[in-house]
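Now for the letters of each chain:
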Amino acid sequence: MVWVLSTGKRERDAETRQRRIADGIAALDAPNQRLLSPRTRLRDRVKIAAEADQALADCFASRWVGYEIQEVPEVRLRQESWGRPGRDTRYRRITTTRHQLHFVVREDLVATQACSDGCWPLVTNDRELPASDLLVAYKHQPDLERRHHLLKGDQSVAPVFLRDPARVEGPMTCHFIALLLQALMELQIRREMARSHVASLPLYPEDRRAIAPSAERIIQVFTGVARHQLTDAAGNPVQTFPPDLTPLQQQLLDLLAVRYA
């Protein structure tokens, strides 16, 4: 296992932690305002703690922000008898207990976690692979995740809810074959481009050129291409009208080694 340090990630980790700490402190203010109300129903320490824990959990600040529940005595005087108060009016002292929440930032834990900001591990089962080669292999990961992007993007795979898992295997097998064909298409056309010394192809809008053509752009070039067939009243084919391919479409077919007649 190798640890990698990124200065950009270190700044993002620090900013994220400070933002969540600020959100946690602000979140504790909501139950604290309820405690200040004379008609509050939060009089039990267990309920107050549950409210505070939920507020911190909602903003993902429980790790760094804690709280203390303090009891604050409140004293007020009340007449012992009805009527307008006078010189001989007797009063009774009534003491009630209110609760307040005071936030506590765990500075020791914040300082400890700040030491690992920007770090993430590279895990591998190859014990002889040098650290530099391991980082190069890790940077190849987005190429693998690109297939997941195609699966959820172009092929629009979405969650399904079926009781029998076997009913999911069929459509997913078709999607896997489609991903395999797209990968083979990209591999074939990029190899032929290198062999034919073709630096790029105008696949993007406004004839902008692509150095490494993707399968979705190649397929989009052939959008609208169709073969028309004229039939008689009995349904027999009379004449077939092949599509007129553009020079770019014909070049792509040649690079893909697809015969078109």
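Above this text you will find the structure in question.
Since this is a predicted model, take the numbers as computed values, not measurements. Here the residue numbers are simple positions, counted from 1 along each chain's written sequence. The predicted origin of the model limits local features to residues at a pLDDT of at least 70 and limits the giving and counting of side-chain atom pairs to 80 or more, whereas totals for whole chains, interfaces and linings rest on all residues. Remark: hydrogens and water are excluded; side-chain values derive from all non-hydrogen atoms of the structure.

The next point concerns the pattern of salt bridges. For this document, the term salt bridge refers to a Lys or Arg side-chain nitrogen within 4 Å of an Asp or Glu carboxyl oxygen. By the definition in use, this model includes six salt bridges. As a salt-bridge pair, Arg 34 and Glu 51 come within 3.5 Å of each other at their nearest N and O atoms. Here Glu 51 lies in helix H2 (residues 45–58) and Arg 34 lies in helix H1 (residues 7–36), a separation of 17 residues in the sequence. For Glu 192, the salt bridge is made with Arg 195, and the minimal N-O distance between the two is 3.3 Å. Placement of both Glu 192 and Arg 195 in helix H6 (residues 166–195) is noted, with a separation of three residues, approximately one turn of the helix. A run of H or I in DSSP becomes a helix once it reaches four residues, and a run of E becomes a strand once it reaches two; helices and strands are each numbered from the N terminus.

We call a set of buried Ala, Val, Leu, Ile, Met, Phe, Trp, Tyr and Cys residues a nonpolar core when their side-chain atoms join them within 4.5 Å. Here the term buried applies to any residue with accessible area under 20% of the maximum for its type, exposed to any over 50%, and partly exposed to those in between, with areas from a 1.4 Å probe on protein chains only. Residues Ile 48, Val 65 and Leu 101 are the most contacted members of the largest nonpolar core, which totals 17 residues. For this core, the elements supplying multiple residues, two or more each, are H1, H2 and strand S2 (65–79). Here this core gets five residues from one element, more than from any other, and that element is H2. By definition, residues are in contact when any of their heavy atoms lie within 4.5 Å. Among all residues touching Val 65, those that are not within four sequence positions of it are Ile 21, Leu 28, Leu 56, Phe 103, Val 104 and Arg 106. Among the nonpolar cores identified, the runner-up in size contains 11 residues, and Leu 201, Ala 210, Val 221 and Leu 252 belong to it.

The end-to-end C-alpha distance of H6 is 43 Å, a good match for the 44 Å that 30 residues give at a rise of 1.5 Å each. Restricting attention to buried positions, one finds in H6 the residues Leu 179, Gln 182, Glu 186, Ile 189, Glu 192 and Met 193. Following H6 by one or two positions, His 197 adopts a phi angle in the positive range, close to 60°. Working rule for helices: expected span equals 1.5 Å times residues minus one.

This next bit is on H1. Taking 1.5 Å per residue as the helical rise, H1 with its 30 residues ought to reach 44 Å, and the 44 Å between its terminal C-alpha atoms agrees with that figure. All buried positions along H1 are accounted for by Arg 17, Ile 21, Gly 24, Ala 27, Leu 28, Pro 31, Asn 32 and Leu 35.

This next bit is on the packing of aromatic side chains. Stacked, edge-to-face and tilted are the three classes for Phe, Tyr and Trp ring pairs, Trp counted by its six-membered ring, which pair at centre distances within 6.5 Å; planes under 30 degrees apart are stacked, over 60 edge-to-face, the rest tilted. If you walk through the whole model with that rule in mind, you get one aromatic pair. Here the aromatic rings of Trp 120 and Tyr 138 are separated by 6.2 Å at their centres, their planes lie at 40°, and the arrangement is tilted. Of this pair, Trp 120 sits in strand S4 (residues 119–122) while Tyr 138 is found in helix H4 (residues 131–139), placing the two residues 18 residues apart along the sequence. Look at Tyr 138 and you get partly exposed, because its relative accessible area is 34%.

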